[in-house]
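Residues per chain, in single letters:
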Amino acid sequence: MQNDDHDGLLERYSMENQQRRSRLAWSLAILRKADSEADLNVALADIRGRYQFAHLVFLLVRLANRTGTYPWYCTTYPEEWTSLYHRNNYFEIDPVIELYKTGFLPVDWSSLDRRSARTRSFLQEANAFGVGRHGVTIPVRGPSGERSLFSATSNLSGREWRKLRASSSHELQVLSCYLHEKALTVSGLRKSGVYRKLSRREQECLQLISSGLVPKRIATRLQISEDAVRLYLRLARRKLDAATIYQAIARASFLELIQPE
C-alpha cells in the first residue's frame, strides 16, 4: 500500500503542466536568494502575488531536542493581526496549530473543528483582519523531528478557491518543504543538513521527476527500465532523508543538486 501511495504521488506530481512548473521554478529561485528573515518575508509576498493568494505564512512549530514551541515564523499577515495574535497567545486556541500532529497531506480549513465557541470567535476575528475566508495548511516533518506548518489563504469565492487550491496543491507541497529547510538555516536554528551523495542516475531521475516526467518517460529518456527509475528515486529519497517525493525535490533543490524547471 505504501508503494502504491508513493507511486500515486509521483504520477500526480508529474501531471503538472509546463506553466505551473515554471511558476514553481520561479518561486524556488526567489527563495534561494533569501538570506535573512526580512528576505523571506519579501519572498513570501512575491510568491503570494504570483499565485494570487491572500496570504502565506510559515511557522516552525517544534524543534528537535528543544523545549518550547513556535520558535520562528515568517508571514504576509497584517502586522496588526500578528501583534494581536502574540499578545493574546492565540497559539493555544488556533485550530491550525494542531495540524502539525497529523501526516504530510494538505488540510483544507473547511475541515477544521469549529464546534468550540472560542474557536469560532477566533476564526471570525482572524477573518475581520483579512487573514482569509479559506485556507490550506501543509504539515512538514523534518529528518531530526522538527515540525513546521505552511499555510496559504484566500478570500475568493468557494468555487474559485477550490480551483486555485487544486491548481497549486503539488507546488505548495514542494514549497513547504523548501521553506522548512530555508527557514531553519536563515533563522540559525539549524545548520544545513549533511546528506549522502546522490549517484549520477539518482540525480538524473530526481531532476526529471521534478520537471514533470512520469517514471515511464524517464526510463525511455535514460534508456533504463521503469523499475530502475523507481529504485533510483527511492534511493534518492533515503539519501536525502526525505519522507515524500516533495521533500526529496525540495531538499535536492535547496542543496542545488537539481534545478526544477
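Bear in mind the structure is a predicted one, so any value in this text is a computation, not a measurement.

(A) Examining the packing of aromatic side chains more closely. Under the definition given, this model contains 10 aromatic pairs. Ring centres 5.9 Å apart and planes at 75° place the aromatic pair Trp81 and Tyr85 in the edge-to-face group. Here the residue Trp81 and the residue Tyr85 both occupy positions in helix H4 (residues 79–87), the gap between them amounting to four residues, near one helical turn. A residue is classified by how much of its surface remains accessible, and Trp81, at 2% relative accessible area, is buried. On the basis of relative accessible area, Tyr85 is assigned to the buried category, the value being 10%. Each member of the aromatic cluster is reached from another via a ring pair, and the members are Trp81, Tyr85, Tyr90, Phe91, Phe122 and Phe129.

(B) Spotlight on the pairing of strand S4 (residues 134–141). Of all eight residues in S4, seven are buried; the element is thus mostly enclosed. As paired elements, strand S3 (residues 107–108) and S4 share two bridges and run antiparallel to each other. Looking at the pairing, Asp108 lines up with Val136 of S4. Pairing geometry for S4 and strand S5 (residues 147–154), over eight bridges, is antiparallel. Bridging across to S5, Ile138 finds its partner in Phe150. If you look at the hairpin formed by S4 and S5, you'll find five residues sitting between the two strands, and Gly145 has a positive phi there, around 95°.

(C) Seen up close, the sheet that holds S3. Strand order in the open sheet formed by five strands is S2-S1-S5-S4-S3, and the pairing between neighbours is antiparallel. Of all strands in the sheet, those bounded by a partner on one side alone are strand S2 (72–75) and S3.

(D) Structural context of the packing of helix H7 (residues 200–210) against helix H10 (residues 245–254). Remark: H7 packs on H10, axes separated minimally by 10 Å, with the N-to-C direction vectors making an angle of 105°. When the interaxial angle is binned, H7 and H10 end up roughly perpendicular. Here Leu206, Ile209 and Ser210 of H7 come into contact with H10, specifically with Ile245, Ala248, Ile249 and Ala252. In terms of residue class, the contact of H7 with H10 is built from six nonpolar, one polar and no charged.

(E) Structural view of the packing of helix H8 (residues 215–222) against helix H9 (residues 226–239). It is at 8 Å that the axes of H8 and H9 come closest, and there the two elements cross at 105°. Put simply, H8 runs roughly perpendicular to H9. Contact with H8, carried on its side by Pro215, Lys216, Ile218 and Ala219, involves Glu226, Val229 and Arg230 of H9 and no other residues of that element. Here the residues of the contact of H8 with H9 are counted per class, giving four nonpolar, no polar and three charged.

About the criteria used
- Residues numbered from 1 in each chain as written.
- Predicted model: local features only at pLDDT ≥ 70, side-chain atom pairs only at ≥ 80, totals over all residues.
- Heavy atoms only, no water.
- Phe/Tyr/Trp six-rings, centres within 6.5 Å; stacked < 30°, edge-to-face > 60°.
- Helix = DSSP H or I, 4+ residues; strand = E, 2+ residues; numbered from the N terminus.
- Buried < 20%, exposed > 50% of the residue type's maximum accessible area, 1.4 Å probe, protein only.
- Pairing = 2+ DSSP bridges.
- Axes fitted to C-alpha atoms, helices over the stretch in contact; angles between N-to-C directions.
- Parallel < 35°, antiparallel > 145°, perpendicular 65-115°, else oblique.
- Contact = heavy atoms within 4.5 Å.
- Nonpolar A, V, L, I, M, F, W, Y, C, P; charged D, E, K, R; others polar.

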